[in-house]
Amino acid sequence: NSLQSDILYFEARGNVLVAGDCNARTACKSDYIICDRYIPEIDNEDYKINEPLPRYSQDKGSNSHGNKLLDICKSTSLSIANGRLGSDFGIGKCTCYNSQGTSVIDYLLLNQCNFNLISNFSIGYFTEFSDHAPFYFDIVCNNKPVNIDDSTSEYISWSQDKKDKYRNGLIACLPRLNQIVDNYNSNDSESVNSLVTEFT
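The structure displayed is predicted, hence computed values, not measured ones.

> What is the right way to read the overall build of the chain from this model?
When helices and strands are counted, the chain shows five helices and seven strands. For the chain, the α and β elements follow one another from N to C terminus as α-β-α-β-β-β-β-β-β-α-α-α. Within the chain, buried positions represent 28% of all 200 residues. Just so you have it, the chain exposes about 14100 Å², and 51% of that area is on carbon and sulfur atoms.

> Quick question: what am I supposed to make of the sheet that holds strand 2 (residues 78–80) here?
Two orientations exist for strands paired in a sheet by backbone hydrogen bonds: parallel and antiparallel. Strand order across the open sheet formed by three strands is 1-5-2, with antiparallel pairing between neighbours. Unpaired on one side and paired on the other, strand 1 (17–21) and strand 2 mark the two borders of the sheet. Shown here is a sheet whose adjacent strand axes are inclined to one another by a mean of 25 degrees, direction ignored. As paired elements, strand 1 and strand 5 (residues 106–111) share five bridges and run antiparallel to each other. In the strand pairing of strand 5, Gly-20 is matched with Tyr-107. Where helix 2 (residues 64–76) meets the sheet, it contacts strand 2 and strand 5, and its direction lies at approximately 140 degrees from that of strand 2.

> Please explain the packing of helix 1 (residues 2–11) against helix 2 as it appears in this structure.
Relative orientation and spacing of two packed helices are given, respectively, by the angle between their axes and the distance between those axes. Viewed as axis vectors pointing N to C, helix 1 and helix 2 meet at an angle of 25 degrees, and their least axial separation amounts to 10 Å. One finds that helix 1 runs roughly parallel with respect to helix 2. The handedness of the crossing between helix 1 and helix 2 is right-handed. When helix 1 is examined against helix 2, the residues Leu-3, Gln-4, Ile-7, Leu-8 and Glu-11 are found in contact with a partner set consisting of Ile-72, Ser-75 and Thr-76. Classifying every residue of the contact of helix 1 with helix 2 by side-chain character gives four nonpolar, three polar and one charged.

> Just checking my understanding: could you explain helix 2 for this structure?
At 3.6 residues per turn, the α-helix brings residues three or four places apart onto the same side. Counted at 1.5 Å a residue, the expected span for helix 2 with its 13 residues is 18 Å, and the 18 Å between its end C-alpha atoms agrees. Taken as a whole, helix 2 has its buried residues at Gly-66, Leu-69, Leu-70, Ile-72, Cys-73 and Thr-76. Taken end-on, helix 2 shows its buried residues confined to a sector of 155 degrees, consistent with a single buried face. The secondary structure elements touched by the buried residues of helix 2 are helix 1, strand 2 and strand 5. Immediately beyond the C-terminal end of helix 2, within one or two residues, lies Ser-77, with a positive phi of roughly 65 degrees.

> Explanation requested: the side chain of Ser-57 in the structure shown.
Among the structural elements, Ser-57 can be located in the loop between strand 1 and helix 2. Residue classification places Ser-57 among the buried residues on the basis of a relative accessible area of 7%. There is a polar contact of 3.1 Å between the side chain of Ser-57 and the backbone nitrogen of Asp-59. Those residues in contact with Ser-57, other than ones at most four positions away along the chain, are Ala-27, Cys-28, Ile-91, Gly-92 and Val-104.

> It is not clear to me how the nonpolar core should be interpreted in this structure. Could you clarify?
Side chains of a nonpolar character, in soluble globular proteins, are inclined to be buried together. Membership of the largest hydrophobic core comes to 14 residues, with the highest contact counts inside it found for Ile-7, Val-18, Leu-69, Leu-78, Ile-80, Tyr-107 and Leu-109. Listing elements by their share of this core, those giving two or more residues are helix 2, strand 2 and strand 5. Counting residues per element, this core draws most heavily on helix 2, which supplies four residues. Here Tyr-107 is in contact with Val-18, Ala-19, Gly-20, Cys-22, Ala-24, Arg-25, Thr-26, Arg-55, Leu-69, Ile-80, Asn-82 and Phe-135, once residues within four sequence places are set aside.

The rules behind these values
Here the residue index of a chain counts from 1 through its sequence in written order. A pLDDT threshold of at least 70 governs which residues receive local features in this predicted model, and a stricter bar of 80 or more applies before side-chain atom pairs are shown or counted, although totals over entire chains, interfaces and linings include all residues. Heavy atoms throughout the structure, all of them, feed into the side-chain values; hydrogens and water do not. Secondary structure follows DSSP: runs of H or I at least 4 residues long count as helices, runs of E at least 2 residues long count as strands, and numbering of each begins at the N terminus. Using a 1.4 Å probe on the protein chains alone, a residue whose accessible area is under 20% of its type maximum counts as buried, one over 50% counts as exposed, and one in between counts as partly exposed. Shrake-Rupley sampling with a 1.4 Å probe provides the accessible areas, and residues are treated as covered by the protein chains on show and by no other component. By the convention used here, strands pair only if DSSP detects at least 2 bridges between them. Note on definitions: angles span 0 to 180 degrees between N-to-C directions of axes, and those axes are lines fitted to C-alpha atoms, for helices only across the stretch in contact. Note on contacts: a residue pair qualifies if any of its non-hydrogen atoms lie within 4.5 Å across the two residues. The labels follow the angle: roughly parallel below 35 degrees, roughly antiparallel above 145, roughly perpendicular from 65 to 115, and oblique for the rest. Crossing handedness is defined as follows: a turn of the near helix away from the far one that is anticlockwise and smaller than a right angle gives a left-handed crossing, while the clockwise case is right-handed. Each residue is assigned to one of three groups, with Ala, Val, Leu, Ile, Met, Phe, Trp, Tyr, Cys and Pro labelled nonpolar, Asp, Glu, Lys and Arg labelled charged, and all others, Gly among them, labelled polar. In this scheme, a helix's expected span is set at 1.5 Å multiplied by one less than its residue total. By definition, the arc is the one covered by directions from the helix axis to the C-beta atoms. Polar contact is defined as a pair of N or O atoms within 3.5 Å, subject to the rule that within protein one atom must be able to donate a hydrogen and the other to accept it, and that residues adjacent in sequence are counted only when both atoms are side-chain atoms. Within this scheme, the nonpolar core is defined by two criteria: the residues are buried Ala, Val, Leu, Ile, Met, Phe, Trp, Tyr or Cys, and they are joined through side-chain atoms within 4.5 Å.

Encoded structure:
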């Protein structure tokens, strides 16, 4: 319930990715509503129909946590990226190895329409330091360079002696910073300028 609430909260503010150990074994069960369709009487106009997307996993077992995770995926329209992206496409490599065997319990979840934001998804090798294999991925960002006139720029050197003063000043501005970030629009140059002006 907590995870689902967090997903819905942050979804209203932007794209959501969930990554990590879920202790959930899902085998190759569906993480989308099968035979989904738009129903005008109950669905919003912007409702997106779940597109069938095959799943791949080397783990053929499932558990109750896995069923709950699949329910979250169906209710929030998030999809399991494991076995669907990068070098793990069509495989779904195991992410956990212990005395009970191997399993897939570490996941990357995101909306299917955001799969293009992920590149180089891969499952790493097991080491002696953990019974979990790490997974790696890159997030594709559309950064726009900011033109700065060097002739008018002022550069301030970092001073280790003033770190507490800087930290206290930042904490004092936190409510305002959170308010600006909530209303921030990266495509609006005026929004970017006001953010930079207020915190320089």
